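A closer look at the structure
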Amino acid sequence: DAGVTQSPTHLIKTRGQQVTLRCSPISGHKSVSWYQQVLGQGPQFIFQYYEKEERGRGNFPDRFSARQFPNYSSELNVNALLLGDSALYLCASSTRASGTDTQYFGPGTRLTVL
Amino acid sequence: QKEVEQDPGPLSVPEGAIVSLNCTYSNSAFQYFMWYRQYSRKGPELLMYTYSSGNKEDGRFTAQVDKSSKYISLFIRDSQPSDSATYLCAMSGTTTDSWGKLQFGAGTQVVVTP
């Protein structure tokens, strides 16, 4: 069975630009969460979506937004990129949005902002 | 103060030794505890999942949770060079605003030398 897939694998942008990252969850999973992992740190929670509705938001500025589509795939958008946005962006999927459901992570998209 | 504290290491052990990893946390609402393994430039892979206090064993891996001390541990027996990776502890609560929001430690880098 296919796991969580993310695209693109790598991305290089310049400050001020906008970026869209994509995620396809495991088949049958209806919840998608996004995390930012800066080098040398653990992942930080950005958003969680379940059944196309936002269920949770982390401490990130409004430049970060996301949405979930009817097929449960998701996009993360970041506007007005800053150097500090350089990180590995991870998508995780789970069956539902409860604490009992384990989250399975994709390989991530590595974003470099120059 | 971070909600989850984890020594970043690196922790170097000889092949065959027991690897001992731990995390402390401050939020008493955490009920679900996980350990993820992350190879360089890859997404985290779920190793162990524990609810509330107690021990759980899976092959060479043993996870322990002591909620009274707000302390969790992961032990890896008979360590192999392929166990060399970063190990992340993660936890979440039971309230609806914390479901699916994993709080990660910084990760401990483990190196198993042949």
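What counts, and where the lines are drawn
Residues numbered from 1 in each chain as written. Chains lettered and ligands numbered in written order. Predicted model: local features only at pLDDT ≥ 70, side-chain atom pairs only at ≥ 80, totals over all residues. Heavy atoms only, no water. Helix = DSSP H or I, 4+ residues; strand = E, 2+ residues; numbered from the N terminus. Rg over C-alpha atoms; globule rule 2.2 N^0.38 Å. Buried < 20%, exposed > 50% of the residue type's maximum accessible area, 1.4 Å probe, protein only. Contact = heavy atoms within 4.5 Å. Areas by Shrake-Rupley, 256 points an atom, 1.4 Å probe, with all protein chains shown as cover. Lys, Arg positive; Asp, Glu negative; His and termini not counted. Charge placed at Lys NZ, Arg CZ, Asp CG, Glu CD. Pairing = 2+ DSSP bridges. Axes fitted to C-alpha atoms, helices over the stretch in contact; angles between N-to-C directions. Buried area = accessible area lost by both parts, 1.4 Å probe. Salt bridge = Lys/Arg side-chain N within 4 Å of Asp/Glu carboxyl O. Polar contact = N/O pair within 3.5 Å; in protein donor to acceptor, adjacent residues only side chain to side chain. Nonpolar A, V, L, I, M, F, W, Y, C, P; charged D, E, K, R; others polar. Disulfide = S-S within 2.5 Å. Phe/Tyr/Trp six-rings, centres within 6.5 Å; stacked < 30°, edge-to-face > 60°.

**So, the overall build of chain B**
- Summing up its helical and strand segments, chain B has zero helices and 11 strands in all.
- Helices and strands appear in chain B in the N-to-C order β-β-β-β-β-β-β-β-β-β-β.
- For a compact globule of 114 residues, the expected C-alpha radius of gyration is about 13 Å, and chain B comes in at 14 Å, within 12% of that figure.
- Dimensions of chain B along its principal axes, counting C-alpha atoms only, are 45 × 30 × 25 Å.
- Looking at chain B as a whole, 45% of its 114 residues qualify as buried.
- Residue pairs in contact within chain B that sit at least 24 positions apart in sequence constitute 55% of those at least 6 positions apart.
- Carbon together with sulfur atoms contributes 48% to the accessible area of chain B, which is approximately 5,400 Å² in total.
- Looking at chain B, you have 10 positive and 11 negative side-chain charges, and the mean spots of the two groups are 5 Å apart.

**Here's the deal with the sheet that holds strand β1 (residues 4-6) of chain B**
All names here are of chain B.
- Pairing is antiparallel across the open sheet formed by five strands, whose spatial order is β1-β3-β8-β7-β6. The two strands at the open ends of the sheet, each matched to only one other strand, are β1 and β6 (54-58). If you compare each strand with its neighbour and ignore which way they point, the axes differ by 15° on average.
- Bridge count between strand β3 (residues 19-25) and strand β8 (residues 71-76): six bridges; the pairing is antiparallel. Each residue of the ladder has a partner; that of Val19, found in β8, is Ile76.

**Remarks on the interface of chain B and chain A**
- Taken residue by residue, the interface counts 19 residues in chain B and 23 residues in chain A.
- Surface buried jointly by chain B and chain A totals about 1,700 Å² across both partners, of which 56% is contributed by carbon and sulfur atoms.
- In this assembly, chain B and chain A are joined by zero salt bridges.
- Taken together, the links from chain B to chain A amount to three residue pairs in polar contact (both at pLDDT 80 or more).
- Counting only elements with at least two residues in the side of chain B that touches chain A, the list comes to β4 (30-38), β5 (45-51) and β9 (85-93) of chain B.
- A breakdown of the residues in the side of chain B that touches chain A according to their chemical character gives 10 nonpolar, six polar and three charged.

**Some remarks on the state of the cysteines**
Residue and element names in this part refer to chain B.
- Within the structure shown, the criterion is met by two disulfides over all chains.
- Across the disulfide, Cys23 is cross-linked to Cys89 (sulfur-sulfur distance 2.0 Å). Here the disulfide of Cys23 and Cys89 is left-handed, its torsion about the S-S bond being about -105°. Here Cys89 lies in strand β9 and Cys23 lies in strand β3, a separation of 66 residues in the sequence. Each member of the pair, Cys23 as well as Cys89, is classed as buried.

**Comments concerning the pattern of salt bridges**
All names here are of chain A.
- This model, assessed by the stated rule, comprises nine salt bridges over all chains.
- In this structure, Lys30 engages Glu51 in a salt bridge whose closest nitrogen and oxygen atoms are separated by 3.6 Å. A residue pair is termed long-range when its members are at least 10 positions apart, and Lys30 in the loop between β3 (19-24) and β4 (31-37) and Glu51 in the loop between β5 (44-50) and β6 (53-57) qualify at 21 residues.
- Residue classification places Glu51 among the partly exposed residues on the basis of a relative accessible area of 28%.
- For the salt bridge of Asp85 with Arg63, the shortest nitrogen-to-oxygen distance reads 2.8 Å. One end of the pair, Asp85, is in the loop between β8 (74-78) and β9 (87-94); the other, Arg63, is in the loop between β6 and β7 (64-68), with 22 residues separating them in the sequence. Here Asp85 matches Arg63 in class, with each residue buried.
- The network of salt bridges with common partners includes Arg22, Arg67 and Glu75.

**Side note on the environment of Gly58 of chain A**
Residue and element names in this part refer to chain A.
- With respect to the secondary-structure elements, Gly58 resides in the loop between β6 and β7.
- Considered as a pair, Gly58 and Tyr104 are 46 residues apart in the sequence and their alpha carbons are 19 Å apart.
- Once residues within four sequence positions are removed from consideration, Gly58 is found in contact with Phe45 and Ile46.

**Looking at the packing of aromatic side chains**
- According to the stated counting rule, one finds 12 aromatic pairs over all chains in the structure shown.
- The interplanar angle of 55° and the centroid separation of 5.4 Å between the aromatic rings of Tyr35 of chain A and Phe105 of chain A together place this pair among those described as tilted. Pair noted here: Tyr35 of chain A is in strand β4 and Phe105 of chain A is in strand β10 (residues 104-105), with a separation of 70 residues, a long-range link.
- Here Tyr35 of chain A falls in the buried class, since its relative accessible area comes to 0%.
- Note on Tyr25 of chain B and Phe33 of chain B: the rings are 5.3 Å apart at their centroids and 45° apart in plane angle, and the pair reads as tilted.

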